[in-house]
Amino acid sequence: KRKGLLLYGMGCIGKTQICLKFIEQHEREKWFSDVFWIDASSEHTIDLCLRQIGQKYKVDATPSSESVLEWISDRDDWLVVFDNADGGCQVVEKFIPPGNRGGFLITSRDKGLARITSGTCLEVTEMGEDDAIALLLKSAMIDNNSVNVATAAKKLVAALGCIPLAIDQAGAYVMLSGCGLDHYLDLFMEHRAKLMSDEEFRGASLYNKTTYGTWEISTEAIKCRTEGQNRGQSLAAQSALTLHKIFAFLHHDNISQEIFKNAALNFMERKGEITNGLPQSISLLDCKTLFLDDDGKWDGFQFEAGIKVLVSFSLIKSSGKLYSVHPLVQTWSRDRIPVGNANASDYCKKSKALLACSLRLDYQEDNYRFCRLLAPHITANTEHGLKCIADEEYFDDEAERFGLVYDRVGDWIQAEKPYSEMMNARKETLGASHPDTFIAMGNLASTYNNQGRWKEAENLKVQVMEARKETLGASHPHTLTAMESLFLQVMEARKEILGASHPHTLLAMGNLASTYRDQGRWKEAENLQVQQVMEARKEILGASHPDTLTAMANLASTYRNQGRWKEAENLEV
């Protein structure tokens, strides 16, 4: 019975080399009567290879692909290898020899060709570390097994992502130039794009493409589809190219469809919003980047069409609604856009704006899970931006949202920078007494507090409280909220540093209780006054001490405000 197998995976991963090794073993074991190797990159190349086979074996005077396929099908135990079959099922399946004899292997970036092999397929992934090191040393012709060489080789294969062709190419450079592995690693970090594109250094496998050149074939094929007559395929290819450039400036793992969908929905919700006049990154976004249709609705179908194209070329991997890119493939995605070209900067900024737009600015919403998802992408984008954005522009919506993300996930070191930038920008543009400036100062004060920088936090909160007193009045709810925040922080800090019974801690408790009372939060005021301030002062200072009597009077006032006259009277008597 005929058997077929698909080997699929991204370019440079070694699919062709596995087939060659398999055939080499066949020649020793004599598993097949004949092996026919076919370049399956297009219908034209397949037809040409088949006619060349016909001429070699003298099938007839003027062999055609059809006559050669008939001739092959009449033989026993043959193997046909369709190599680099990246044009889709329709290109290959018409060239499968008829009948039920023989077998065939297909190598492709596209898992979809498993339809031809009845689902029988095997994904070729990165090499294991030991195999990768062995390949590097073989290609570089290094037989030194010292600890230093092993350490350098381990670092280099990790930087190359354990991709066989990249390793082979690196080994060829080391061998031909005579440099050491450590030196090559230094060169790679500085001149990665040139090294991975240099055709002079072909590896031991004699593969006729460089690492970057192999992946470039995929993007060129996608570009060709955008110009095709099939409108559906053209739109899908355009979506794929857009996603490819955005993915390049995110973290390589856990790229969620949810980010894009949320950004699209929030973009429409924020249309026409009244801002504080500071620059907003949402202005960098457009319907194409956000996959919005003509009615302003999220076009999930078109988004997934683009994803399918990228998956079919093994440029990304998909797991449900989460996507990932091999780190070296993602690096190539950025390297292929010249740094001096505005496109690199534009797409880095668009990716950042998309991340900001994906988060609703709601301090009460429980969005911890989504913030956990976003944080690595924000960090990665910031790192990429350092290399491709010459003059970083401030965007107020980004700063506030990114600060909120880092605050939610508990990364207060990272939260400090956007909150600090936001406070300074708002102070300079809006003024120190603007409500949005108060929010920025409060956020930064809270971040300092979480970092244990009590004094800096207290200074900021005092500024907010005094400014609100002056602008809104001492009894305004916003002023009271600022006072509460300040007194609560002071109380907690003094508890930790001085102890719960220290007079300064008790004074802070009393101030906080007084603020609760002014806000009408009688129960909270009572709990502080009874359980902590009054009882502690009684125990430490005595029942007749003036500070104890003040605490009792404050509690009596709280009881009176609640209409609890008898309890108030008992305290005052």
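Preceding this section is the structure that the text describes.
What counts and how
- Residues numbered from 1 in each chain as written.
- Predicted model: local features only at pLDDT ≥ 70, side-chain atom pairs only at ≥ 80, totals over all residues.
- Heavy atoms only, no water.
- Pairing = 2+ DSSP bridges.
- Helix = DSSP H or I, 4+ residues; strand = E, 2+ residues; numbered from the N terminus.
- Axes fitted to C-alpha atoms, helices over the stretch in contact; angles between N-to-C directions.
- Salt bridge = Lys/Arg side-chain N within 4 Å of Asp/Glu carboxyl O.
- Buried < 20%, exposed > 50% of the residue type's maximum accessible area, 1.4 Å probe, protein only.
- 1 Å grid on protein atoms, 1.4 Å probe; cavity = no way out; pocket = protein on both sides within 12 Å on 5 of 7 lines; lining within 4 Å.
- Points joined across faces, edges and corners; volume = space filled by probe spheres on them.
- Nonpolar A, V, L, I, M, F, W, Y, C, P; charged D, E, K, R; others polar.
- Expected span 1.5 Å × (residues − 1).
- Bend = angle between axes of the 7 residues up to and from the residue.
- Core = buried A, V, L, I, M, F, W, Y, C linked by side-chain atoms within 4.5 Å.
- Contact = heavy atoms within 4.5 Å.
- Phe/Tyr/Trp six-rings, centres within 6.5 Å; stacked < 30°, edge-to-face > 60°.
- Patch = residues over 30% accessible without salt bridge, like charges linked within 9 Å, V, L, I, M, F, W, Y side chains within 5 Å.
- Areas by Shrake-Rupley, 256 points an atom, 1.4 Å probe, with all protein chains shown as cover.
- Polar contact = N/O pair within 3.5 Å; in protein donor to acceptor, adjacent residues only side chain to side chain.

Here we have five strands laid out as an open sheet, ordered β2-β3-β4-β1-β5, and parallel in their pairing. Edge positions in the sheet fall to β2 (34–39) and β5 (121–123), since each of these pairs with one other strand and no more. Averaged over all pairs of adjacent strands, the angle between strand axes in this sheet comes to 15°, irrespective of strand direction. Bridge count for strand β1 (residues 3–8) against β5 is three bridges, and the pairing is parallel. Among the inter-strand pairings, Leu 7 is bridged to a residue of β5, identified as Leu 122.

This part is about the pattern of salt bridges. Considering all chains together, one arrives at 25 salt bridges under this definition. The shortest N-O distance in the salt bridge between Glu 220 and Lys 223 comes to 3.6 Å. Of this pair, Glu 220 and Lys 223 both sit in helix α9 (residues 211–226), three residues apart, which is roughly one turn of that helix. Of the residues examined, Glu 220 reaches a relative accessible area of 38% and is grouped as partly exposed. For Asp 396, the salt bridge is made with Arg 426, and the minimal N-O distance between the two is 2.8 Å. Of this pair, Asp 396 sits in helix α17 (residues 396–408) while Arg 426 sits in helix α18 (residues 412–430), placing them 30 residues apart in sequence. In this structure, Asp 396 and Arg 426 share a single accessibility class: buried.

Let us now look at the pairing of β2. Residues of β2 alternate between two faces, with Asp 34, Phe 36 and Ile 38 buried on one and Val 35, Trp 37 and Asp 39 left unburied on the opposite face. Alignment of β2 against strand β3 (residues 78–83), held across six bridges, turns out to be parallel. Looking at β3, one finds that Asp 39 is bridged to Asp 83.

For strand β4 (residues 103–108), a buried count of six out of six residues is recorded, marking the element as mostly surrounded by other parts of the structure. Of the two faces of β4, the one carrying Gly 103, Leu 105 and Thr 107 and the one carrying Phe 104, Ile 106 and Ser 108 are both buried. In this sheet, β4 lies alongside β1 in parallel orientation, the contact comprising six bridges. Each bridged residue has a counterpart across the sheet, and for Gly 4 the counterpart in β4 is Phe 104.

Turning to empty space enclosed by the protein, a few remarks are in order. Using a probe with the size of a water molecule, rolled over the atoms, empty space left in the structure can be pinpointed. Considering all chains together, one arrives at two cavities of 30 Å³ or more under this definition. In this structure, the second largest cavity occupies an estimated 30 Å³ of space. The wall of the second largest cavity is formed by His 244, Phe 247, Ala 248, Leu 315, Ile 316, Val 325, Gln 330 and Ser 333. If you list the elements that add at least two residues to the lining of the second largest cavity, you get α10 (231–247) and α14 (327–335). Tallied by class, the residues present in the lining of the second largest cavity amount to five nonpolar, three polar and no charged.

With that settled, the discussion passes to helix α16 (residues 368–388). Between its first and last C-alpha, α16 extends 30 Å over 21 residues, near the 30 Å set by a 1.5 Å rise per residue. A maximum bend of about 30° is found in α16 at Leu 374, where proline Pro 376 lies one to four positions downstream.

On to the nonpolar core, then. By size, the foremost hydrophobic cluster in this structure holds 112 residues, and its most contacted members are Leu 181, Tyr 184, Ile 222, Phe 247 and Phe 260. Per element, the largest residue contribution to this core is eight residues, and it comes from helix α15 (residues 342–357). Filtering out sequence-adjacent residues up to four positions away, Ile 222 remains in contact with Ala 237, Ala 240, Leu 241, Val 309, Leu 310, Phe 313 and Leu 315. Tyr 8, Leu 69, Phe 82 and Ala 85 belong to the second largest nonpolar core, which has 27 residues in total.

Okay, unusual backbone geometry next. A positive phi angle is found at Lys 58, which is not glycine, with a value near 50°. Secondary-structure assignment places Lys 58 in the loop between α2 (43–56) and α3 (65–73). Its identity is not glycine, yet Ser 118 carries a phi of approximately 55°, on the positive side. By the secondary structure assignment, Ser 118 is in the loop between β4 and β5.

Here we come to the sheet that holds strand β8 (residues 322–324). In a beta sheet, neighbouring strands pair by backbone hydrogen bonds and run either parallel or antiparallel. Read across the open sheet, the three strands follow the order β6-β8-β7; overall the sheet is antiparallel. Sheet topology places β6 (255–256) and β7 (317–319) at the edges, where each strand pairs with a single neighbour. Pairing analysis gives three bridges linking β7 to β8, with the strands arranged antiparallel. By the bridge assignment for β8, Ser 319 is matched with Leu 322.

The final tally for this structure, using the stated rule, is 16 aromatic pairs. Ring geometry for Phe 22 against Trp 31: centres 5.6 Å apart, planes inclined by 45°, an arrangement best described as tilted. Here Phe 247 and Tyr 323 contribute two aromatic rings whose centre-to-centre distance is 6.4 Å and whose plane-to-plane angle is 25°, an arrangement assigned as stacked. One end of the pair, Phe 247, is in helix α10; the other, Tyr 323, is in strand β8, and 76 residues separate them in sequence. In this structure Phe 247 comes out as buried when scored by relative accessible area, which is 2%. Through a chain of ring-to-ring contacts, the aromatic side chains of Phe 247, Phe 260, Phe 291, Trp 298, Phe 303 and Tyr 323 assemble into a single cluster.

This brings us to a nonpolar patch on the surface. Taken together, Met 141, Met 175 and Leu 176 make up a surface patch of nonpolar side chains, about 320 Å² in accessible area. Mapped onto the fold, Met 141 is located in the loop between α5 (129–140) and α6 (147–159). Among the residues examined, Met 141 registers a relative accessible area of 63% and is labelled exposed.

You can see Thr 210 is positioned in the loop between α8 (181–197) and α9. At 3.4 Å, the side chain of Thr 210 and the backbone oxygen of Met 196 are in polar contact. Of the polar contacts made by the side chain of Thr 210, one reaches the backbone nitrogen of Gly 213; its length is 2.9 Å. Those residues within four positions of Thr 210 in sequence are excluded, and the remaining contacts are Leu 165, Gln 169, Met 196, Ser 197, Asp 198 and Glu 199.

With that settled, consider the environment of Gln 169. Note that Gln 169 resides in helix α7 (residues 164–177). Classification of Gln 169 as buried rests on a relative accessible area of 4%. For the pair Gln 169 and Leu 195, spaced 26 residues apart in sequence, the C-alpha to C-alpha distance is 8.4 Å.

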